[in-house]
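Listed here are the chains, written in short residue letters.
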Amino acid sequence: MMGRTSFVFSLIVAALLSGIAAQRTACKSGDFVFLLDRSSSINQDEHSIMKNFTTTLVNSFEVGEKLVHIGLCQFSDNPKDEFYLNKYYNKEDLNTHILEVDYTGGNSYLGKALDHIKNYFEESRGSRDRVPKKLVVITDGDSRDDVEDAADVLRDRNITIFAIGVGDLHYLQLLQIAGTPERLFTVRNYDVLHSLKQRVVDVMCEHTKPSPNPTPPLISP
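Chemist: What should I look at first to understand the pairing of strand E2 (residues 68–75) in this one?
Modeler: For a regular strand, side-chain orientation follows a simple rule: the groups alternate between the two sheet faces. The element E2 is largely enclosed, with a buried count of eight among its eight residues. Going residue by residue along E2, you find Val68, Ile70, Leu72 and Gln74 tucked away on one face and His69, Gly71, Cys73 and Phe75 tucked away on the opposite face as well. One ladder, built from eight bridges, connects strand E1 (residues 30–37) with E2; its direction is parallel. When the sheet's bridge partners are listed, Phe32 is paired in E2 with Ile70. For the segment spanning E1, helix H2 (residues 44–58) and E2, crossover handedness is right-handed. Relative to strand E3 (residues 79–83), E2 is paired through four bridges, and the arrangement is antiparallel. Across the sheet, Gln74 pairs through a bridge with Lys80, a residue of E3. The hairpin formed by E2 and E3 contains three residues between the paired strands.

Here you go:
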């Protein structure tokens, strides 16, 4: 009886470790693009907090030529390309560029930006086959144009979208962008944006969920 119990316990531990290993692997590979709001719905100080938050996310990934690639775009009235997935392969240069991007103000046309961002996931812009493709949108989710159709096109291309909403946000628009509440994160203001960091990283790095209660095979007496 003792031997059978030990065997079952070993199976459960192996299943859990396998799930953890899968998540760690996912954090070390992928094409990740960040789309940041720089419209007048936020101010310059909040934009600076957003940029700093983005660098903390980047620091959580294994960035490298054969590891995670990072791209960055901003939007207001129009999308503004900052850098594509094949620009940087080290965190220092990446984060320096992120912290230096400009704030402009203007209107929020997130649907237009989502339509534009699909170009980042082209091979000519550094995107790769057989790696996870993920888009992170940080905004208040109050766009002047439709976002749902553009988000659906991205999902049809196997691009997973994560929406981070801050402040007096438009929840329905954010949900249309993310596609599911599990990939939607919200905070009441930019002062507490950093509190989301670990939750966002955990969900982004998730690859294969282990079963919450692995069921061992039946063992005959």
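Chemist: How should the packing of helix H5 (residues 148–156) against helix H6 (residues 171–178) be read in this particular structure?
Modeler: Helices that pack against each other are described as a pair by the angle of their axes relative to one another and the distance between those axes. Contact pair H5 / H6: the axes reach a minimum separation of 8 Å and the direction vectors enclose 20°. Here H5 is positioned roughly parallel relative to H6, judged by the angle of their axes. Residues Glu148, Ala151 and Arg155 of H5 touch H6, and the partners they reach there are Gln176, Ile177 and Ala178.

Chemist: Quick question: what am I supposed to make of the sheet that holds strand E5 (residues 159–166) here?
Modeler: Taken in spatial order, the six strands line up as E3-E2-E1-E4-E5-E6 in an open sheet, and their pairing is mixed. One side of each edge strand has no neighbouring strand; the edge strands of this open sheet are E3 and strand E6 (184–187). Across this sheet, the average inter-strand angle for adjacent strands is 20°, counted without regard to direction. Most of the contacts of H2 go to E1, to which it runs at about 170°, and overall it touches E1, E2, strand E4 (133–139) and E5.

Chemist: Mind showing me how you'd approach H5 here?
Modeler: Residue pairs three or four apart in sequence face the same way in an α-helix, which turns once every 3.6 residues. Taken as a whole, H5 has its buried residues at Ala150, Ala151 and Leu154. Seen end-on, H5 carries its buried residues on one side only, within an arc spanning 100°. Across from the buried face of H5, at angles greater than 90 degrees, the exposed residues are Asp149 and Asp156. The inward-facing, buried residues of H5 contact helix H4 (110–117), E4, E5 and H6. Following H5 by one or two positions, Asn158 adopts a phi angle in the positive range, close to 65°.

Chemist: Which parts of the structure should I look at to understand the packing of aromatic side chains?
Modeler: Working definition: an aromatic ring pair is given by the centre-to-centre distance plus the angle between the planes. Summed over all chains, the structure comprises three aromatic pairs. Judged by centre distance (4.9 Å) and plane angle (80°), the rings of Phe32 and Phe61 are edge-to-face. Residue Phe32 is found in strand E1, and its partner Phe61 is found in the loop between H2 and E2; the two are separated by 29 residues along the sequence. For the residue pair Phe32 and Phe61, the accessibility class agrees, reading buried in each case. Its guanidinium or amino end placed over the ring of Tyr109, Lys112 lies 5.2 Å from that ring's centre, counting from NZ or CZ. Between Arg125 and the ring centre of Tyr84, over which it is positioned, the NZ or CZ distance is 4.5 Å.

Reading guide: rules and limits
- Along every chain, residues carry numbers that run from 1 in the direction the sequence is written.
- Only residues with pLDDT of at least 70 get local features here, since the model is predicted, and only at 80 or more are side-chain atom pairs given and counted; chain-wide, interface and lining totals rely on the full set of residues.
- Each side-chain value is worked out from all heavy atoms of the structure, with water and hydrogens disregarded.
- When a residue's accessible area, from a 1.4 Å probe over protein chains only, is under 20% of the maximum for its type it is buried; when over 50% it is exposed; and in between it is partly exposed.
- Helix and strand definitions follow DSSP, with helices as H or I runs of at least four residues and strands as E runs of at least two, each counted in order from the N terminus.
- Strands are treated as partners if at least two bridges between them are detected by DSSP.
- Crossovers are marked right-handed if the path from the first strand over the helix to the second runs clockwise, as seen with the strands pointing away from the viewer.
- Comment: axis = line fitted to C-alpha atoms, over the contacting stretch for helices; angle = value between 0 and 180 degrees taken between N-to-C directions.
- These descriptions rest on fixed angle ranges, namely under 35 degrees for roughly parallel, over 145 for roughly antiparallel, 65 to 115 for roughly perpendicular, and the rest for oblique.
- The criterion used for residue contact is that any of the two residues' heavy atoms lie within 4.5 Å.
- By construction, the arc corresponds to the directions joining the helix axis to the C-beta atoms.
- Only rings of Phe, Tyr and Trp enter the pairing, Trp through its six-membered ring, and a pair is recorded when the two centres are within 6.5 Å. The plane angle decides the type: under 30 degrees is stacked, over 60 is edge-to-face, the rest tilted.
- Cation placement over rings: the criterion is NZ of Lys or CZ of Arg within 6 Å of the ring centroid and within 35° of the ring normal.

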